[in-house]
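Listed below are the residues making up each chain.
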Amino acid sequence: MSQADPDPLVHAPAGDDGWKWLYYTGGAAALIAVLFFRRNFGVELITFGGFGIFEVPAEFPHGALAWFALFQENTLLGLTLFHLIDLVNYALVGLIILALFVALHRASKSAMVIATAAGLIGIAVYFASNQAFAMLSLSSKYAAAATETQRSTYVAAGEALLAMNDPATIHQGTGVHTGLFLVLASGLIISIVMLRSRAFFTLTAWSGILANGLALGHFVALALGLSPILVGIPIIVSAPFRMIWYLLTAIGLLRLARAVPDEADGGFSPRLRSSAG
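This text gives an overview of the structure that appears in the document. Every chain is numbered independently, its residues counted from 1 as its sequence is written. Selection of residues for local features in this predicted model requires a pLDDT of at least 70, selection of side-chain atom pairs for listing and counting requires 80 or more, and totals for whole chains, interfaces and linings are taken over all residues. Values shown for side chains rest on all heavy atoms present in the structure; no hydrogens or waters enter the calculation.

Turning next to the overall build of the protein. For the protein, the count of helices and strands is twelve helices and zero strands. The secondary structure elements of the protein, listed N-terminal to C-terminal, are α-α-α-α-α-α-α-α-α-α-α-α. The buried label applies to any residue whose accessible area, calculated with a 1.4 Å probe on protein chains only, is under 20% of its type's maximum; exposed applies above 50%, and partly exposed to all values in between. Residue burial in the protein is summarised as follows: out of 277 residues, 46% are buried. Any two residues whose heavy atoms approach within 4.5 Å are treated as being in contact. Long-range pairs, those at least 24 residues apart, make up 75% of the contacts in the protein between residues at least 6 apart in sequence. Surface summary for the protein: the accessible area is close to 13500 Å², and the carbon and sulfur share equals 67%. Helix numbering and strand numbering both begin at the N terminus, where a helix is a DSSP run of H or I of at least 4 residues and a strand a DSSP run of E of at least 2. Under the convention used here, a 1.4 Å probe and the Shrake-Rupley method define accessible areas, while residue burial counts only the protein chains that appear.

See below:
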């Protein structure tokens, strides 16, 4: 950033409460995302036996009938294994991306427009591809079906959903992979732009570059046809950096929120007020 560029922490426009609350919302979303940053949480839940707290099956259900039975027995567990937590994660990421666009668009408007568009499109694609609630609906209809013909119809519909998005396999549907790729690419671009802004720590930018860059290795492993274990390694390795990135991003956004002045303050940010006092 050149000497002539304004510091976003002290030159926030007076009375712009819309941006202030967007910063607060994005910061809160990033803090919550520290807890929900995991993708494919169902795999961890099964691998570690429900962490000794939840009763979970030894493996993912296979086939529509098995999923229907799980949803009828424990709806919340069924939704969790069908990537409900991922929906929460993507929703939080959407709020973070919107706040970061406002915070960083002066540093590189074109890059932030591309990153924001890619991220929001990726989130929309993932929401359209996640079949958790569709499978729950089919399970309920199957349980209420009065004839064998109706039950067969719902089973066939369930199998069709699993063909598009089966949580039991590493090679999930095109929409799931496309959504993840766009969101990771968005995060990488945003992190690079962070290097040009004084609104965020340099460590924030580098943790984001590592988190998103390493996770993109997942698609390289898929393209090379590596084993499921190797395909999952990039996501696992990137996880600690993602947690750090969300935490530091939250700190940066909350600092920006505090720096946006209210009209009642006469257009002075907290930093300017403290300096003047």
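Okay, the nonpolar core next. To define a nonpolar core, start from buried Ala, Val, Leu, Ile, Met, Phe, Trp, Tyr and Cys residues and group those joined through side-chain atoms within 4.5 Å. Within the largest apolar cluster, 65 residues are counted, with the highest numbers of intra-cluster contacts made by W67, L104, I190 and F200. Counting residues per element, this core draws most heavily on helix α5 (residues 84-104), at twelve residues.

Relative to the helices and strands, L188 resides in helix α9 (residues 174-194). As a C-alpha pair, L188 and G208 span 20 residues in sequence and 6.5 Å in three-dimensional space. Contact partners of L188, with chain neighbours within four places excluded, come to I209, N212, G213 and L216.

This part takes up the packing of aromatic side chains. The rule is short: rings of Phe, Tyr and Trp, with Trp giving its six-membered ring, pair when the centres are within 6.5 Å, and they are stacked under 30 degrees, edge-to-face over 60, tilted in between. A complete count under the given rule lists nine aromatic pairs for this structure. Judged by centre distance (6.2 Å) and plane angle (40°), the ring pair of W67 and F71 falls under tilted. Here the residue W67 and the residue F71 both occupy positions in helix α3 (residues 64-73), the gap between them amounting to four residues, near one helical turn. Given the relative accessible area of 0%, W67 is considered buried. For the pair F71 and F82, a centre-to-centre distance of 6.4 Å together with 40° between the ring planes defines the contact as tilted.

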